[in-house]
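Structure at a glance
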Amino acid sequence: MTRYAMTMDTRRCVGCNACVYACKQENDLPVGGFRDWITTTTRGVFPDLSSEIRSERCNHCDNAPCVYACPTGASHFNEGGVVLVNHDKCTGCKACIAACPYDARYVHPDGFVDKCTFCLHRSSKGLDPACVSICPTESLAFGDLSDKRSVVRRLLDARNHKTLRPETGAGPNVYFLT
Ligand code: SF4
Ligand code: SF4
Ligand code: SF4
């Protein structure tokens, strides 16, 4: 069964924000609304410091707390395990925003809650999501985890990786290559 996932190479990302602006343009996001964002964390003790730059977004969790918290069924699992919001069913109550451990959602000015869709309008046709296709350092990859030949499966087999906040039990499907 198809299980869409994304990998993000923390060793390649330069924090250029191209993925952020590609997403805004592709998905016609409102002013102040973002489906992905860049974080930088610093590790170590001076003078032995290193930093990690990450492009983050909704993790399309296997056990998505946002879906279980949604009282109207607007937040739901779709094709390939992708978590979507049906804007027509969303009342803007924000229960999903409170439930998400990753702060991946925002309120659209039109009153519904919005977040990353894994660009399902593109990925279901075999195209990469906009953020993946724009990345100048090829830090991002997208594909079907259940397909042994997929780029994400091959990267995860070859590289050390982690997910964010695995202790929440949400079951994230965005993997950070380290
Ligand atoms: Fe990093 Fe690529 Fe996004 Fe630039 S476009 S911030 S290199 S993930
Ligand atoms: Fe839901 Fe947040 Fe998981 Fe995305 S990251 S599926 S919004 S709980
Ligand atoms: Fe935005 Fe699509 Fe990338 Fe999600 S997959 S962050 S919706 S460009």
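Here is a short report on the structure shown in this document. Not measured: the values here are computed from a predicted model. (Residues numbered from 1 in each chain as written. Chains lettered and ligands numbered in written order. Predicted model: local features only at pLDDT ≥ 70, side-chain atom pairs only at ≥ 80, totals over all residues. Heavy atoms only, no water.)

1. Section: the site of ligand 2
Residues in contact with ligand 2 amount to 13 residues; listed here are only the nearest, Cys58, Cys61, Cys66, Cys100 and Arg105. Taken together, the residues of the shell around ligand 2 break down into nine nonpolar, two polar and two charged. (Near = heavy atom within 4 Å. Nonpolar A, V, L, I, M, F, W, Y, C, P; charged D, E, K, R; others polar.)

2. Considering the sheet that holds strand S8 (residues 140–144)
The strand order across the open sheet formed by four strands is S8-S1-S10-S9, and the pairing between neighbours is mixed. In the strand order of this sheet, the two ends are held by S8 and strand S9 (161–162), each with one partner. Sheet contacts for helix H6 (residues 151–158): strand S1 (4–9), S8, S9 and strand S10 (174–177); angle to S8, the most-contacted strand, approximately 110°. (Pairing = 2+ DSSP bridges. Helix = DSSP H or I, 4+ residues; strand = E, 2+ residues; numbered from the N terminus. Contact = heavy atoms within 4.5 Å. Axes fitted to C-alpha atoms, helices over the stretch in contact; angles between N-to-C directions.)

3. Overview of the side chain of Asp36
As for its placement among the helices and strands, Asp36 is situated in strand S2 (residues 36–45). Within the structure, the side chain of Asp36 is placed 3.4 Å from the side chain of Arg57, a separation counted as a polar contact. When residues no more than four places from it in sequence are discounted, the contact partners of Asp36 are Cys19, Val20, Cys23, Glu56, Arg57 and Cys131. (Polar contact = N/O pair within 3.5 Å; in protein donor to acceptor, adjacent residues only side chain to side chain.)

4. Some points on the side chain of Asp144
By the element assignment, Asp144 lies in strand S8. Here Asp144 is buried and forms no salt bridge, its nearest opposite-charge partner Arg3 lying at an N-O distance of 7.1 Å. In this structure the side chain of Asp144 is engaged in a polar contact, spanning 2.9 Å, whose partner is the backbone nitrogen of Arg3. Ignoring sequence-local partners within four residues, the contact set of Asp144 consists of Met1, Thr2, Arg3, Tyr4, Ser150 and Val152. (Buried < 20%, exposed > 50% of the residue type's maximum accessible area, 1.4 Å probe, protein only. Lys, Arg positive; Asp, Glu negative; His and termini not counted. Salt bridge = Lys/Arg side-chain N within 4 Å of Asp/Glu carboxyl O.)

5. Examining the site of ligand 1
Neighbouring ligand 1 are 14 residues, the closest being Cys13, Cys16, Cys19, Cys135 and Thr137. Looking at the shell around ligand 1 residue by residue, the class counts come to nine nonpolar, five polar and no charged.

6. Some words on unusual backbone geometry
Of note, the bond from Phe46 into Pro47 is cis; its omega dihedral lies within 30 degrees of zero at 5°. With respect to the helices, strands and loops of the structure, Pro47 is situated in the loop between S2 and strand S3 (48–57). Phi angles above zero are rare outside glycine, and Phe118 is one such case at about 55°. The residue Phe118 is located in the loop between strand S7 (113–114) and helix H4 (120–123) in this model. Although it is not a glycine, Glu138 sits at a positive phi angle of roughly 55°. The topology assignment puts Glu138 in the loop between helix H5 (130–134) and S8. The class of Glu138 is exposed, set by a relative accessible area of 63%.

7. Things to note about helix H1 (residues 18–26)
Residues lying three or four places apart along an α-helix face the same way, a consequence of the helix completing one turn every 3.6 residues. Within H1, burial applies to Cys19, Val20, Ala22, Cys23 and Lys24. The inward-facing, buried residues of H1 abut S2, S3, H5 and S8. Immediately downstream of H1, the backbone of Asp28 shows phi near 50°, a positive value.

8. Observations regarding the pattern of salt bridges
Applying the stated criterion to the full structure yields 12 salt bridges. One salt bridge in this structure joins Arg165 and Glu167, with 3.7 Å as the shortest N-O distance. Residue class for Arg165 comes out partly exposed when judged on its relative accessible area of 44%. Among the charged side chains, a salt-bridge network with shared partners connects Arg43, Glu52, Arg54, Glu56 and Lys162.

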